[in-house]
Amino acid sequence: LTNKPNIVYGVPYGFNNLENVAPRSGPSPEDIWQTDRETWKKYREIQQWIDISEKGFGVTVATNLVGVRVNPPIAVCLVRWPQSCTASFSIRPHEFGWKEAKAYRLGWELNNPLLAVTVNDTYTEKRLPPEMSFCHTSTDNIVITVLKKSKEKNCVVLRFYEAEGKSTKTNISFFRKIRSVFETDLLEEETKSLDDTAIQVNAQEIKTVKLQIY
């Protein structure tokens, strides 16, 4: 890698670039106990993943820890931990950039491992087909974060976001028939009724929808 790779990391409901620093953020120049600004800029609090890439090559590191030094090289930072700490990592090289590699999905996979349950008997009736998704979207850049029962008995609430910074139209599928779809605000109050399950999502937008399923 060169001295100026592209470093992108996960934040709640999105991503951030290393060079993108909020205005007027950082250590106070009057506080002698804090680090200087240049040192401060080398550390980030991430969520689930961080990726370092340049033209033709890159590496994604998924982790359950949040503090990293991004100078590079990338290093984990544990300032203080009240109890024992178990660190988990998944490292994956890739070509091209973090979007093509779906770096954010590696972070979600590490922190939300798949739990497999099998039914091996041959005498009970199986009502579901051999292969079926409980809930999914038709586009890879949409990440589902919440699926829960609504306060209305016949509805479920689905929350997702666009993860790559590009507008997209996605179609929602559920294991039961979706009778109607309502877009809601973050408080789950209905804002409008949608004609079908195809939903337009803007770049880095968080969407909450209510699905009437029975």
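Our subject is the structure that appears above.
These remarks concern the structure in this document. (Residues numbered from 1 in each chain as written. Predicted model: local features only at pLDDT ≥ 70, side-chain atom pairs only at ≥ 80, totals over all residues. Heavy atoms only, no water.)

### Quick word on the environment of Ala-103
Thought 1: Along the polypeptide, Ala-103 turns up in helix H3 (residues 103–111).
Thought 2: On a C-alpha basis, the gap between Ala-103 and Val-146 in space is 20 Å, while along the polypeptide they are 43 residues apart.
Thought 3: Not counting residues up to four positions away in its chain, the partners in contact with Ala-103 are Trp-49, Asp-51, Thr-60 and Trp-98. (Helix = DSSP H or I, 4+ residues; strand = E, 2+ residues; numbered from the N terminus. Contact = heavy atoms within 4.5 Å.)

### Overview of the side chain of Lys-207
Thought 1: Residue placement: Lys-207 occurs in strand S16 (residues 206–212).
Thought 2: With residues up to four places along the chain from it excluded, the contact list for Lys-207 reads Leu-158, Arg-159, Phe-160, Glu-183, Ile-199, Gln-200 and Val-201.

### Regarding the pairing of strand S14 (residues 190–194)
Thought 1: As paired elements, strand S13 (residues 180–184) and S14 share four bridges and run antiparallel to each other. Within S14, the position partnered with Phe-182 by the bridge is Ser-193.
Thought 2: Counting the residues between successive antiparallel strands, the hairpin from S13 to S14 contains five residues, one of them, Glu-188, with a positive phi of roughly 70°. (Pairing = 2+ DSSP bridges.)

### Here we look at the sheet that holds strand S5 (residues 57–63)
Thought 1: The strand order across the open sheet formed by five strands is S2-S1-S4-S5-S8, and the pairing between neighbours is antiparallel. The sheet terminates laterally at strand S2 (14–17) and strand S8 (89–94), the two strands that pair on one side only. Between one strand and the next, the sheet's axes are offset by a mean angle of 20°, whatever the strand orientation.
Thought 2: Across the sheet, H3 is in contact with strand S4 (49–54), S5 and S8; its angle to S5 comes to roughly 25°. (Axes fitted to C-alpha atoms, helices over the stretch in contact; angles between N-to-C directions.)

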